[in-house]
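Residue strings, one per chain:
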Amino acid sequence: MHHLTRRELLQAAAAATLSGSLGCKKSSNGITIGLYLSLTGDKADFGISTRNGINIALDELNAAGGVLGQRVRVVAEDTRGDSNEAASAVTRLIDRERVCGIIGEVASTLSLAGGRICQRRGIPMISPSSTNPAVTQIGDCVFRVCFLDPFQGEVMARFAKNSLHVSRVAIFKDQGSAYSTGLADAFRTAFTALGGQVVDTQSYRETDTHFSAQISSMLSHQPEALFVPGYYAQLALIAREVRGAGFQGRMLGGDGWSSNTLTQNDDDKLVGDFYSEGFAPEGATTPVAQRFVQKYREKYRIEPNGLAALGYDAALVMFDSIRRAGSADPAQIKRAIAATRGVNGATGTISLNAQRDAVKSAVILEVRENSVRYRETVNPT
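Below is a summary of the structure that appears in this document. All values reported here derive from a predicted model rather than from experimental measurement.

Moving on, we come to the overall build of the protein. Within the protein one finds eleven helices and 14 strands. In terms of its C-alpha atoms, the protein occupies a principal-axis envelope of roughly 70 × 40 × 35 Å. Of all 381 residues assigned to the protein, the portion counted as buried reaches 57%. Here the contacts in the protein between residues at least 6 apart in sequence split such that 67% fall between residues at least 24 apart. Side chains of the protein carry 41 positive and 38 negative charges; the gap between the two charge centres is 7 Å.

Set out below in structure tokens:
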């Protein structure tokens, strides 16, 4: 690793300023990375878990001397789960904090809002866990370290058809969520290609609290399973009404189910149901993954979920890219992120393709009474 002297760093910063590029703020605080996440509101579990994982990576980095001879600090902005607030948060990080790179968001709709600002301003952004394909299609400043919905939808379709042996599924999606609608489409395509039948598709809005009309419609078509690609906050309400209506089949979902509240707030209505995720502690077989799980348990006294592991990995890729760039200049960091190959993370080996996406495995988890149980790992074909 090449350690720049303070004079070299000041010269580089001055050169960046003179050339008109918005350099990263360098001071006694070191190198500044921005983070925008839902830390309050009904997606707060997403943001808190992700930030916890990033904190593990940050602790490790700074304990080892930082990067480019400087400590790194991560400044977080709360999006409150709102698209307008996500765009404002990213703007504040760029203008006020002079960040050289940004990590976030989790929800795809919020990453689309923030990513457009990053692209316009030339600041590289890494989403830890936004799975909608459109996120990295924004442009060459936007990257991700998670799998995509077409893969996740296929994973759950294969599991439904081949492992659960169901042929008739109804889909219940959040019509205002890029994540939910994209994952629903991916599941439908894969499930019908396997010979399954989607017997009904119904929609709800994030603010809805009653779903009886949609549930009656779905159940009238006698599905063997329901695919509910939504977020955990609405899931508990939906599950209560679905079970109250007498449905005995399985409910299936994606990584939007991932929350520490999943096994606390559902009154056992989701026990025996399944969802796809990017990581499970029981599936942690590499030294990096095992070390991450151990440190996370020690620091937070809970098991890390996929969001925490992907937060950790997004931070690893950002820090590694700054090191390889040899600079805190956003344009050079962007090029280094694009060249990411073989970074060993908690969720596996991370290499980014020409579309700035990672090709990753998925795990399938079963909801138990007070925990989730690892069922299997599914690798991309």
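Structure shown, so let's carry the discussion forward.
Glancing now at the environment of isoleucine 350. Examined against the element boundaries, isoleucine 350 turns out to sit in strand β12 (residues 348-350). Relative accessible area serves as the criterion here: at 0%, isoleucine 350 is assigned to the buried category. For the pair isoleucine 350 and leucine 39, spaced 311 residues apart in sequence, the C-alpha separation works out to 26 Å. Once residues within four sequence positions are removed from consideration, isoleucine 350 is found in contact with Val145, Asp313, Val317, Thr340, Arg341, Gly342, Val343, Gly345, Ala358 and Lys360.

Another point: the sheet that holds strand β9 (residues 250-253). Taken in spatial order, the seven strands of this open sheet run β7-β6-β8-β9-β10-β13-β14, and their pairing is mixed. The open sheet has two edge strands with one neighbour each: β7 (197-204) and β14 (372-378). Averaged over all adjacent pairs, the angle separating strand axes in this sheet is 25°, with direction ignored. Two elements, strand β6 (residues 168-174) and strand β8 (residues 225-227), share three bridges in a ladder whose sense is parallel. Counted as the bridge partner of alanine 170 is leucine 226 from β8. On top of the sheet, helix α5 (residues 149-163) reaches β8, β9, β10 (274-277), β13 (362-367) and β14; it is set at about 105° to β14, its chief contact. Sitting on the sheet, helix α7 (residues 212-220) touches β6, β7 and β8, and the angle it makes with β7 is about 175°.

Rules and cut-offs
Residues numbered from 1 in each chain as written. Predicted model: local features only at pLDDT ≥ 70, side-chain atom pairs only at ≥ 80, totals over all residues. Heavy atoms only, no water. Helix = DSSP H or I, 4+ residues; strand = E, 2+ residues; numbered from the N terminus. Buried < 20%, exposed > 50% of the residue type's maximum accessible area, 1.4 Å probe, protein only. Contact = heavy atoms within 4.5 Å. Lys, Arg positive; Asp, Glu negative; His and termini not counted. Charge placed at Lys NZ, Arg CZ, Asp CG, Glu CD. Pairing = 2+ DSSP bridges. Axes fitted to C-alpha atoms, helices over the stretch in contact; angles between N-to-C directions.

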